[in-house]
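These are the residues of each chain, in order.
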Amino acid sequence: MIRHFFLAAIIVVMTACTQGSKPAATTAPHDATDDKHSTEYITQRLNDIFTDVYTHRIDLLKADSMYMSSDYNRLQNAAMAIAERTDDMVIDADHWVQGQDWTEPAMKVKSVGDITDTTATAVVVITTFPGTPDSCDNTITMPLVFERGNWYIDNMQQQWQGETLDEKAWYQNYIATNGTSGK
């Protein structure tokens, strides 16, 4: 029952639109001589990631392996292994588009801040069905990590009815509640 709560909450959020998430505070780049640690570079990196995912309609798990952090992918893979073993469903919607059904989603970087050597925080707005009566904006906070020579998304978090929906925390709870993946 508990393992399905997060999925149900995510589906409700993705179909009902969220509003009012607080943007992360912006800060000066960590090192002005390091181009990859600037607000501009990180903003462009996120734009490039989402453009690639949307333009090429990359499958969720493939996109995650390409653009999510090593730690995120480790947790997701462990949860997926448990779900496969127990005939459970872990992923029911696509966090890249914030839904199950979509056409031509759009993403806009709202802010980038808290930049350190290894971490940053971005706030993005993902719009499903832009330009239609069904258009819906979802504000997502994305902790980022600098690894493998670039920035990767370490988590996707959003507010829903006063609660934070945190994908990594949900995976950690799912793994703890349902056992190990047999590693």
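Preceding this paragraph is the structure being described.
As a starting point, this report considers the structure included with it.

### Some details on the packing of helix H2 (residues 39–55) against helix H3 (residues 60–67)
- For the pair H2 and H3, the least separation of the axes is 11 Å and the interaxial angle reads 155°. Considering the angle they form, H2 stands roughly antiparallel to H3. H2 and H3 meet at a crossing whose hand is right-handed. Facing Arg-45, Ile-49, Asp-52 and Val-53 of H2, the residues of H3 in contact are Ala-63, Met-66 and Tyr-67.
- Residues of the contact of H2 with H3, tallied by class, amount to five nonpolar, no polar and two charged.

### Overview of helix H5 (residues 167–178)
- Taking 1.5 Å as the rise per residue, H5 with twelve residues should run 16 Å; its terminal C-alpha atoms sit 16 Å apart, in good agreement.
- Listed as buried for H5 are Glu-167, Lys-168, Trp-170, Tyr-171, Tyr-174, Ile-175 and Asn-178. In a view along the axis of H5, the buried residues occupy a sector of 160°, so they form one face of it.
- The positive-phi residue at the C-terminal boundary of H5 is Gly-179, with phi of around 95°.

### A few points about the packing of aromatic side chains
- Under the defined criterion, the tally for this structure stands at seven aromatic pairs.
- Ring centres 6.4 Å apart and planes at 75° place the aromatic pair Tyr-67 and Trp-96 in the edge-to-face group. Placement of Tyr-67 in helix H3 and of Trp-96 in the loop between helix H4 (70–86) and strand S1 (106–113) is noted, with a sequence separation of 29 residues between them. You'll find Tyr-67 and Trp-96 in the same group, each marked buried.
- Arranged with centres 5.2 Å apart and planes meeting at 65°, the rings of Phe-146 and Trp-151 form a pair that is edge-to-face.
- On the basis of relative accessible area, Phe-146 is assigned to the partly exposed category, the value being 24%.

Rules used throughout
Here the residue index of a chain counts from 1 through its sequence in written order. Reporting in this predicted model follows two pLDDT cut-offs: at least 70 for local features of residues, and 80 or more for side-chain atom pairs to be given and counted; totals over whole chains, interfaces and linings ignore these cut-offs and use all residues. Based on all heavy atoms of the structure, the side-chain values leave hydrogens and waters out of the count. Each axis is a line fitted through C-alpha atoms, and for a helix only the stretch in contact is used; angles between axes span 0 to 180 degrees, taken between their N-to-C directions. Note on conventions: DSSP H or I runs of at least 4 residues are helices, E runs of at least 2 residues are strands, and numbering of each starts at the N terminus. Relative orientations are named as follows: roughly parallel for angles under 35 degrees, roughly antiparallel for angles over 145 degrees, roughly perpendicular for angles from 65 to 115 degrees, and oblique for any other angle. A crossing counts as left-handed when the near helix is turned anticlockwise from the far one by less than a right angle, and as right-handed when that turn is clockwise. By definition in these notes, contact holds between two residues if any of their heavy atoms fall within 4.5 Å. Amino acids outside the nonpolar list (Ala, Val, Leu, Ile, Met, Phe, Trp, Tyr, Cys, Pro) and the charged list (Asp, Glu, Lys, Arg) are all regarded as polar, and Gly is one of them. Between the first and last residue of a helix there are one fewer steps than residues, each counted as 1.5 Å, and that sum is the expected span. Buried, partly exposed and exposed residues are distinguished by accessible area as a fraction of the type maximum, computed with a 1.4 Å probe on protein chains only: under 20%, between the cut-offs, and over 50%, respectively. Summarising the geometry, the arc corresponds to the directions from the helix axis toward the C-beta atoms. To pair, rings of Phe, Tyr and Trp, with the six-membered ring standing in for Trp, must have centres within 6.5 Å; the planes then decide the type, stacked if under 30 degrees apart, edge-to-face if over 60, and tilted in the middle.

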